[in-house]
Amino acid sequence: MFHSYAAIGDSFTEGVGDELPDGSVRGWADFVAVGLAKHAREPIGYANLAIRGRKLGPIIDEQLETAIALKPELLSFNGGGNDMLRPRMDEQATAVRFREAIHRIRGAGIHVLMLSGANPTDHLPMGRVFDSRGARLTTALVDLGSLDGVTFVDNFNDRGLRDIRYWSPDKLHLNALGHARVASNVLTALGVPVPVEWGVEEVAAAPPGPRSRNTAAYYREFVLPWIGRRLTGRSSGDGRVAKRATLEAVDADAMR
């Protein structure tokens, strides 16, 4: 049973795609915090330092030590998704840095929640390239899940999660249903009951969604702006700060 939880990463962990009416984002890590609070039957401390657009290096350099300093009982770590989307990726160096981060968290006496990101490649242009990179990186790191103090959640190989029903209009980020499914995967791996009101099993049992098509409007609205940011060296996370920089209380009713 965990009474404090911190999360670091990129848009996947920040919760992009699961937007709330006030413009803020929720996401799987928020769901997990609520699930932990329900299980503990009392509020828990929760921090989320993830910032969209961050590659693995900046996640480690800017977020890791700050999260460790909060001394949470559980720390989730995911990264590398934005590295995979670049024209060139040093897969070996990425794996080494990821491995070093896991050992750093373990060395601080914190239980590590290690996640692979959900796999969007069925719906993206050049999806096969990104799929191969993600599969190789996941395979290179899977042995870490057998270490004491590490829980590994392999969302990348969750075939059901690739269904279009779980993805937002940009087809790169999960929607609310997708984030809830990832949270379900996490809680199950931790041995924590998944709240039935999330409807995860009901959604999973429904027929799959229609095959997606990348129209001209899709390229104009999502792909071209993304390419523009790459060419100008900008990021969707420029100027953003962590949405939850310290361990703040979350209770079981936080999402009602």
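Residues numbered from 1 in each chain as written. Predicted model: local features only at pLDDT ≥ 70, side-chain atom pairs only at ≥ 80, totals over all residues. Heavy atoms only, no water.

Account for helix H2 (residues 28-40), naming residues and giving values.
Given a rise of 1.5 Å per residue, 13 residues ought to cover 18 Å, and the 18 Å separating the end C-alpha atoms of H2 matches this to within 8%. Burial runs high along H2: eleven of the 13 residues are buried. All of the buried residues in H2 are Trp-28, Ala-29, Asp-30, Phe-31, Val-32, Ala-33, Val-34, Gly-35, Leu-36, Ala-37 and Ala-40. Count one or two residues on from H2 and you reach Arg-41, which has phi positive near 60 degrees. (Helix = DSSP H or I, 4+ residues; strand = E, 2+ residues; numbered from the N terminus. Expected span 1.5 Å × (residues − 1). Buried < 20%, exposed > 50% of the residue type's maximum accessible area, 1.4 Å probe, protein only.)

Mind laying out the sheet that holds strand E2 (residues 44-48), listing which residues take part and the relevant values?
Taken together, six strands build an open sheet; the order of strands is E5-E4-E3-E1-E2-E6 and the sheet is mixed. On the outer flanks of this sheet lie strand E5 (150-154) and strand E6 (244-250), each paired with one strand and no other. Within the sheet, the average angular offset between the axes of one strand and its neighbour, ignoring direction, is 20 degrees. Strand direction decides the pairing type here: E2 and E6, joined by four bridges, are antiparallel. Within the sheet, the bridge partner assigned to Gly-45 lies in E6 and is Ala-249. Sheet contacts for helix H3 (residues 56-69): strand E1 (4-8) and strand E3 (74-77); angle to E3, the most-contacted strand, approximately 175 degrees. (Pairing = 2+ DSSP bridges. Axes fitted to C-alpha atoms, helices over the stretch in contact; angles between N-to-C directions. Contact = heavy atoms within 4.5 Å.)

Residues and numbers for the side chain of Asp-163, please.
Along the chain, Asp-163 falls in the loop between E5 and helix H7 (176-190). Setting aside chain neighbours within four positions, we find Asp-163 in contact with His-123, Pro-208 and Gly-209.

I'd like a rundown of the environment of Asn-214, residues and numbers included.
Take Asn-214: it is sitting in the loop between helix H8 (200-205) and helix H9 (216-232). Note on Asn-214: relative accessible area 29%, which makes it partly exposed. Separated by 84 residues in the primary sequence, Asn-214 and Phe-130 have C-alpha atoms spaced 17 Å apart. Once residues lying within four places of it in the same chain are set aside, the contact partners of Asn-214 are His-123, Leu-124, Pro-125, Lys-171 and Tyr-219.

Which residues make up the packing of aromatic side chains, and what values do they have?
In the structure shown here, the tally under the stated rule is six aromatic pairs. Summarising the aromatic geometry, the rings of Tyr-5 and Tyr-46 are spaced 5.5 Å apart at their centres and angled 20 degrees between planes, so their arrangement reads as stacked. Of this pair, Tyr-5 sits in strand E1 while Tyr-46 is found in strand E2, placing the two residues 41 residues apart along the sequence. What makes Tyr-46 buried here is its relative accessible area of 1%. (Phe/Tyr/Trp six-rings, centres within 6.5 Å; stacked < 30°, edge-to-face > 60°.)

Give a detailed account of the pairing of E1, specifying residues and quantitative values.
The buried count for E1 comes to five of five residues, which makes it a mostly enclosed element. Taken together, the four bridges between E1 and E2 define a ladder with parallel strand orientation. Counted as the bridge partner of Tyr-5 is Tyr-46 from E2. Judged from the four bridges that link them, E1 and E3 form a sheet pairing that is parallel. Bridging across to E3, Ala-6 finds its partner in Leu-75.

How would you explain helix H5 (residues 91-107) if you had to name every residue and give the values?
Across its 17 residues, H5 extends 24 Å between first and last C-alpha, which sits within 8% of the 24 Å expected from 1.5 Å per residue. When H5 is considered as a whole, its buried residues turn out to be Thr-94, Ala-95, Phe-98, Ala-101, Ile-102 and Ile-105. Along the long axis of H5, the arc covered by the buried residues comes to 125 degrees, so they all point the same way. Seen from the open side of H5, the exposed residues pointing more than 90 degrees away from its buried face are Gln-92 and Gly-107. On its buried side, H5 packs onto H3, E3, helix H4 (81-84), strand E4 (111-116), helix H6 (127-141) and E5. (Arc of directions from axis to C-beta.)

Quick one: what's the story with the pattern of salt bridges, residue by residue and with numbers?
One pass over the full model with this rule turns up 13 salt bridges. Put simply, Arg-104 and Glu-65 hold a salt bridge, and the shortest N to O gap is 2.9 Å. Taken together, the residues span a long stretch of sequence, with Arg-104 in helix H5 and Glu-65 in helix H3 at a distance of 39 residues. Judged by its relative accessible area of 43%, Glu-65 is partly exposed. A salt bridge links Asp-158 to Arg-181, with the nearest nitrogen and oxygen atoms 2.8 Å apart. On the criterion of sequence distance, the pair formed by Asp-158 in the loop between E5 and H7 and Arg-181 in helix H7 is long-range, its members being 23 residues apart. We classify Arg-181 as buried; its relative accessible area is 14%. (Salt bridge = Lys/Arg side-chain N within 4 Å of Asp/Glu carboxyl O.)

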